[in-house]
Every structure is written in C-alpha cells, then in structure tokens.
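Chains, contacts and geometry: an overview
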Amino acid sequence: MRTSNALSRAVGLLEGPQTLGRGKPFWACFMAVMGLACAYPMFADGYDVGNNVYFFNWVFMALGLSLIWGYGGTLSFGQTAFFGVAGYSYGVISTNFGDAYGLTLVALVASVAAAALLSAILGYFLFFGRISGVFLGIVTLSVTLVLERFMAQTAGPEWQVGTARLNGYNGMGGMPSLTIPWFGGDIVLFPDIQLYYFTLTLLVASYLGLRMLVNSRFGNVLVAIRENPQRAEMLGYDIRVYQLITFVIGSALSGLSGVLYTSWGNYITPASMGMTAAALPIVWVAVGGRMDLTTTLVGTLLVLAGFQALTIHGSQYALVVMGLLLVLTVLIAPRGLVFELGEWVAGRFRRKATTEEK
C-alpha cells in the first residue's frame, strides 16, 4: 500500500506549477513524439540514426543548465568543464580497463561521479563563499578555460595515465564504446540503432526525473530562492545547500553528456572546453526557455539542428547566427522563444477548456 502511494505521489509530480504541459493533451503529444522517436530507426539508415545520436548527447548538458540557471537562478559557464572532465575520465578508465564484463558502464558511472565530485568541491567554495551573480559566471568560465588550457598542453609522453595518452590539443582517441554484457555475447553500442535507443532511454528518464524534482518541495524552494534569495533565507532555508545540490545535479548531467559524446565518437579534445563550447549551451537554453525543462529540450534540439546545418553549408556564419539568435531572444522573448510559444499554446487550451465548462 505504501509503495503504491509513493508511486502515485511520484507520478503526480510529473505535473506541477514549475513545468509547462499538463493534462491529457500534453501527455498525448508526449506519447506521440515518443512513438515517432522509437519508430524512426525502423525507417532510416543505421548510419544516419547513429549520427543523429549526436544531438541527444548534448541535451543532458542543456537540461542540467536549465536546472542550475533557469530554476536556480545561477548562470554557470562551467557545464563544458564537467563535460570534459567526465569525457576524459571515461577515456582514461575505459582505455586502461577495456570493455569486458561491463567495465565501460562502470567507467560511465565513475566518470559522471568524477564530474559531480569536482562540481561539489567548486560549488562548495562558490556558494558557501557567498559568490553570486556575474562573479559566479566569471569564476566558472575561468575554471573552464583553465582546464581547457591545461589539457591542451598534455601532449608529451609524460602525460600518460596507464596506457592512456592524453595527447594534448590533438585529443584522446581509440577508447572503447559503451558495451553492455549480455547473454550470448556483449552488445557494443557503436553509433547505430542500439546506441540510439540506449541514449533515448537515458534522455527520457532524465527528463521525467527532473520534472519530478522541480515539481517537488525541493523544486518549489529552489524557485523561491531564484525569485528572492533573502526572503527564502528568512523563512529558514539554507539557500547554499539547495544551490549546491542543484549545481552538482546539473553538472553531473553535463558529465553524462561528456561520457556519451566520448563513447559515441571514441574521441575527445580540449576544444570541447573552449570559450565557444562554453557559450553555446547558454544559447541553447536561452532560446528554448531556461525556466522550463520541456522548452529547453525542444529548443536545444532545434538550435543544434540549425547550427549543424549552418556548420555544413556555411561554417563561417554559424557562430554569428548563434550570437544574433541570442541577442534577438533577449530583446524579443527574454523567457525563450519556445517558452513563449508554449505559454501561448497552453493559454489557448486553458481558454478553450474554460469556455467548454461554461
């Protein structure tokens, strides 16, 4: 009975005041999108399916930034730092221990834990040191760029961890893909259909888990801290603890992006922690709508698809267009283009429901 009640409460948290989308229309659309996503590999070439996993890999980082910035009110430029730490950790661990007996899955967990640990240490000094606002952004960006510069100068033979060479600016390569032990033979998650479904499952689980988190008491307190930290503190909440926990969860999601990206391409370079890489997640989340997980997810996929197309057909203009898109979003729709559209659609449904009741 208790288990049933706990499950009901958890499912109830999928809808709440901190997320757009509720009721049968929203979940019908959600299931329809999930059905299309699951059916897509059946009608597409395996090579294309594997390449499109690339877009999923980055969404975890965007969701983490949405939690930190959109819900917590803390603008962080450190997402790519934790992405890189986890990616390099996965490369070192998997290269040294191989892919037998599910050790790549152990490497995934350990690498995400390494990113979470680094974020916990950094976040402790940031939040308990009462660093906030623009200064927190400066510190996280500085940490990101320092890590990028450090990894770029690890080209010499002395920069070797076991059998894993860091290779400086050229980056690490040759690490094994994620491998799932299975009866009758291991399942190697090459960039193909199996990796697509694995990443899609993780993405859906992360999205639904975050919806439950932000609609819980923790999420309500977090939004109260974002709106007025002094008032939340006067009500007896230790805002530093909430901010730190949020920072660690968001950074761990960024680390998951790093591991999945590294496993997907069997490659990672210090450029993944550079200035451009650090700025792009801000654009994705701002354009989508940082204060809602759904709009962040949709906006990230749309902007990534557009950025990829621009990179292929006019690489010199891609970053310029991203910058202009961010400026237009700030000026026209500060809450995010997708967020404003979602609010408009939700308002139409509410008005229609009210009219039908009358």
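Quick note: structure is the one above.
Notes on the structure follow. Since this is a predicted model, take the numbers as computed values, not measurements.

1. Details of the packing of aromatic side chains
Per the counting criterion, the structure on display carries 23 aromatic pairs. Ring centres of Phe-30 and Tyr-207 lie 6.1 Å apart, and the angle between their planes is 20°; this geometry places the pair in the stacked category. Placement of Phe-30 in helix α2 (residues 23–39) and of Tyr-207 in helix α7 (residues 193–214) is noted, with a sequence separation of 177 residues between them. Comparing Phe-30 with Tyr-207, the two get one shared label, buried. Centre to centre, the rings of Tyr-237 and Tyr-242 are 6.0 Å apart; their planes meet at 85°, and the pair counts as edge-to-face. Members of the aromatic cluster, each reached through a chain of ring pairs, are Tyr-54, Phe-55, Trp-58, Phe-83, Tyr-261, Trp-264 and Trp-284.

2. Regarding the nonpolar core
Counting 86 residues, the largest nonpolar core has Trp-58, Leu-63, Tyr-88, Met-172, Tyr-196, Trp-284 and Leu-293 as the members making the most contacts within it. The dominant element in this core, judged by the number of residues it contributes, is helix α3 (residues 46–71), at 16 residues. If we skip the residues at most four places from it in the chain, Trp-58 touches Phe-83, Ser-257, Tyr-261, Trp-284 and Leu-304.

3. As for the state of the cysteines
The final tally for this structure, using the stated rule, is zero disulfides. Cys-38 provides the cysteine sulfur closest to Cys-29, a residue in no disulfide bond, and the two sulfurs are 16 Å apart. For Cys-38, a relative accessible area of 32% translates into the label partly exposed.

Basis of the calculations
Residues numbered from 1 in each chain as written. Predicted model: local features only at pLDDT ≥ 70, side-chain atom pairs only at ≥ 80, totals over all residues. Heavy atoms only, no water. Phe/Tyr/Trp six-rings, centres within 6.5 Å; stacked < 30°, edge-to-face > 60°. Helix = DSSP H or I, 4+ residues; strand = E, 2+ residues; numbered from the N terminus. Buried < 20%, exposed > 50% of the residue type's maximum accessible area, 1.4 Å probe, protein only. Core = buried A, V, L, I, M, F, W, Y, C linked by side-chain atoms within 4.5 Å. Contact = heavy atoms within 4.5 Å. Disulfide = S-S within 2.5 Å.

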